[in-house]
Amino acid sequence: MSATFTKSMARNVFYGGGVFFFLLFLALAFDTMKVLPTRDNSQNITPAVAHGKKIWETNNCIGCHTLLGEGAYFAPELGNVYKRRGPDFIKAWIKGQPTGVPGRRQMPQFNLTDQELDDLVEFLKYSSEINTNNWPPNIEG
Amino acid sequence: MKYTSQAVAKPYFIAAIALFLGQILFGLIMGLQYVVGDFLFPAIPFNVARMVHTNLLIVWLLFGFMGASYYLIPEESETELFSPKLAILTFWIFLVAGAATILGYLLVPYAALAKMTGNDLLNTMGREFLEQPLPTKVGIVLVALSWLFNIVMTVLKGRKTTISLVLSLGMLGLAAFFLFSFYNPVNLVKDKFYWWWVVHLWVEGVWELILGALLAFVLIKVTGVDREVIEKWLYVIITMTLVTGIIGTGHHYYWIGTPAYWQWWGSIFSALEPIPFFMMTVFAFNMVNKRRREHPNKAAVLWALGTSVMAFLGAGLWGFLHTLAPVNYYAHGTQLTAAHGHLAFYGAYALVVLTIISYAMPILRGRAANPERAQIMEMWSFWLMTISMFFIALFLTGAGIVQIWLQRISAAPLSFMAVQDQISIFYWAREGAGLVFLIGLVLYICSFFVKGQSHAFE
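Within any chain, residue numbers begin from 1 and follow the written order of that chain's sequence. By the order in which they are written, chains take letters starting at A while ligands take numbers starting at 1. With the structure being a predicted model, the display of local features is reserved for residues of pLDDT at least 70 and the display and counting of side-chain atom pairs for 80 or more, all residues being used for whole-chain, interface and lining totals.

Focus: the overall build of chain A
As a reminder, the rule being used: Labels follow the DSSP assignment, with helices taken as runs of H or I lasting at least four residues and strands as runs of E lasting at least two, numbered in each case from the N terminus. For the radius of gyration, the atom set is restricted to C-alpha positions; the globular benchmark scales as 2.2 Å times the number of residues to the power 0.38. Three exposure classes are used, all based on how many other C-beta atoms lie within 10 Å of a residue's own C-beta (placed from the backbone): buried at 20 or more, exposed at 12 or fewer, and partly exposed between those limits. This entry defines residue contacts through backbone-placed C-beta atoms, with two residues in contact when those atoms are within 7 Å.
Scanning chain A for helices and strands turns up 5 helices and 2 strands. Start at the N end of chain A and walk to the C end: the helices and strands fall as α-α-β-β-α-α-α. In terms of C-alpha radius of gyration, chain A reaches 22 Å, well past the compact-globule figure of 14 Å for 141 residues. On the principal axes, the C-alpha backbone points of chain A span a range of 70 × 40 × 30 Å. Across the 141 residues that make up chain A, the buried fraction comes to 40%. At a minimum sequence separation of 6, the contacts of chain A that also span at least 24 residues come to 64%.

Shown next as structure tokens:
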């Protein structure tokens, strides 16, 4: 690198650039938070949804599944599972695990109560109604 | 070893390697579960194996970063570490907390673990990579603060170099952004939005400062190139890291409920994220070409060059592959992401930790470099691990492309599980490459025990 570009100049560019782009990021984040209520379906967050999210988390569903494309890639996308399968199928499916089919991927039995199953489904319904810019490309997730 | 307190790095490095081995074993279990779905079920369900795999990765890299800083900061600062006792105490706390957490994952159902560890007080568990129980998360904060305190106090009482400064900034960022792991709103979009402030701003932000500082330190030592030159490069590289990487966070905000303008911000800035990695490659090769000395530790030079190349491939190229919004629309959440994740973490972070261990460990054991035979074995392990990881990424890329086609593009899309059956050949190949990786790692560990005439200090 050229000798006219000194280390202290490089340092100043680093601090200047780092601070500038971090502030820009904060500004975008601030705007995002302002716009979010029109997109994030938060008006439909009920106590059941909140409880459902907790069930989702405390059973580590994300350890196999994706939710809005994030998570593990071992089992199907669940952000749109409510639309793909409907509430009854989801509950019956969870209750029926594991399938025990030899050689197939197995989902554990989480022993959820009917109330917990309902709340989990409420959470998945709420998730499926978030405005995701039309992702996933089709119903298969 | 110039300062006796540098010796505290040794247990950190040993723990890092041991946990690395654990990570790989669980990776192989998961790889097999991809094709033999009921393998080890219900003893170790996939989600448990995955938590262990990813959490061990994070913990061993953190052990590596900590060991590296305890090693290099006294030398950079030209003074003894502020408190070696605190560093050792921190080591044991981190090791015990880490082991207890992993055992908790393996022995207790996750929901029960959440109950036992006070998740009801503050709901933070069950999010990818942040699965740790609350006490562990608090422990990570305390360990990070103790580390930061020890390092900053050492820097303050001694010589202040660019490397120390950049490393400290990276650590400060690491500790600061981890605090977002305690924020878990019910609103899923906000949850995901700030989750990335830990995950992305770590690995595509502040961790890169740590990476740059470690690499610069080793390059100064093994090439003898003037510090001014190397430190100028370091500043330029990390400038590009922050300029591209911070707004580059936007490439995670395309499809999670955040505004569509992120598709522009994210695509443009993250498309530039390979630049700092490319500069790092140019930098490393340039410095080695301009070397003013022949360091007897050839293996360390290989690891350093390997880091720069593989970080560019994994983080830079494979990241770019699916970062543009129109591509990511199809690629998001497929095996392509997994391909990138594996090669990037290996290339950038696993390799830089192995680089500093390769350089520092012989010195910590009282010699400038390991015996020739040990180095040859170590270099074999480099090639075995690096090539097999490259193949893992290639196979997962193949799996991802076919998956995208069958599930998302074809006129008659197949269901997720039907597609998984179709691409099982890629998973078998990946598992094979994984076994070669394990052989490489075992060879790496063996290289520490090879006897022979070591290189004495000049």
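As for the overall build of chain B
Broken down by element type, chain B carries 16 helices and 0 strands. In summary, chain B has a C-alpha radius of gyration of 22 Å against a globular reference of 23 Å for 458 residues, a match within 12%. Along the first, second and third principal axes, the C-alpha set of chain B runs to 70 × 45 × 45 Å. The buried share of chain B, reckoned over its 458 residues, is 60%. In chain B, once contacts between residues fewer than 6 apart in sequence are set aside, the share between residues at least 24 apart is 80%.

Focus: the domain arrangement of chain A
Note the threshold: The split into domains, and so the bounds of each, comes from an automatic or database assignment of domains.
Segmentation of chain A into domains returns domain 1 (7-37) and domain 2 (43-128). Of note, the centres of domain 1 of chain A and domain 2 of chain A, computed from C-alpha atoms alone, are 37 Å apart.

Re the interface of chain A and chain B
Quick note on the threshold: As a working rule, the residues Ala, Val, Leu, Ile, Met, Phe, Trp, Tyr, Cys and Pro are called nonpolar, Asp, Glu, Lys and Arg charged, and the rest polar, with Gly in that last group.
On the side of chain B, 64 residues touch chain A, which itself brings 59 residues to the contact. Mapped by element, the contributors of at least two residues to the side of chain A that touches chain B are α1 (7-35), α2 (47-58) and β2 (70-71) of chain A. Along the lines of polarity and charge, the residues of the side of chain A that touches chain B split into 28 nonpolar, 19 polar and 12 charged.

Some details on unusual backbone geometry
Trans is the prevailing form of peptide bonds, just as negative phi is the prevailing case for residues other than glycine. Put simply, W135 of chain A and P136 of chain A share a cis peptide bond, and its omega is 0°. Position of P136 of chain A relative to the elements: it lies in the segment after α5 (114-128). Put simply, F41 of chain B and P42 of chain B share a cis peptide bond, and its omega is 5°. Looking at the element boundaries, P42 of chain B is found in the loop between α1 (9-35) and α2 (46-77). Look at L68 of chain A: it is not a glycine, yet its phi comes out positive at around 55°. Within the fold, L68 of chain A resides in the loop between β1 (66-67) and β2. Here L68 of chain A falls in the buried class, since 24 other C-beta atoms lie within 10 Å of it. Look at L40 of chain B: it is not a glycine, yet its phi comes out positive at around 60°. Structurally, the position occupied by L40 of chain B is in the loop between α1 and α2. Overall, L40 of chain B belongs to the partly exposed group, with 16 C-beta atoms counted inside 10 Å.

Regarding the environment of I409 of chain B
Mapped onto the elements, I409 of chain B comes out in helix α14 (residues 372-409). Sequence spacing of I409 of chain B and Y330 of chain B is 79 residues, and the spatial spacing of their C-alpha atoms is 7.9 Å.

Structural notes on the confidence of the model for chain B
This is how the line gets drawn: One confidence number per residue, pLDDT, is output by the predictor and ranges from 0 to 100.
Summing up the model confidence of chain B, the mean pLDDT is 97 and the portion of residues at 70 or higher is 100%. For this predicted complex, the interface confidence comes out at an ipTM of 0.97, alongside a pTM of 0.97.

Regarding helix α16 (residues 424-447) of chain B
All names here are of chain B. Put simply, the test is: Working rule for helices: expected span equals 1.5 Å times residues minus one.
When the terminal C-alpha atoms of α16 are compared, their 35 Å separation across 24 residues agrees well with the 34 Å that a helix rising 1.5 Å per residue should span. Among all positions of α16, only F426, Y427, R430, E431, A433, G434, F437, G440, L441, Y444 and S447 are buried. Taken together, the buried residues of α16 touch α1 and α14.

Some words on the packing of helix α8 (residues 227-248) of chain B against helix α10 (residues 274-289) of chain B
Residue and element names in this part refer to chain B. How we decide: The angle between two axes is taken between their N-to-C directions and runs from 0 to 180 degrees, where each axis is a line fitted to C-alpha atoms and a helix contributes only its stretch in contact. Reported orientations rely on four angle classes, namely roughly parallel under 35 degrees, roughly antiparallel over 145, roughly perpendicular from 65 to 115, and oblique for the rest. In this scheme, a crossing is called left-handed if the near helix is turned counterclockwise away from the far one by less than a right angle; it is called right-handed if the turn is clockwise.
In contact at an axis separation of 8 Å, α8 and α10 are set at 165° when each is read in the N-to-C sense. Taken together, the axis directions place α8 and α10 in an arrangement best described as roughly antiparallel. With respect to the hand of their crossing, α8 and α10 are arranged in left-handed fashion. Residue-level contacts link I230, W233, V236, I237, M240, T241 and T244 of α8 to I275, P276, M279, M280, F283 and M287 of α10. Of the residues belonging to the contact of α8 with α10, the class tally is 11 nonpolar, 2 polar and no charged.

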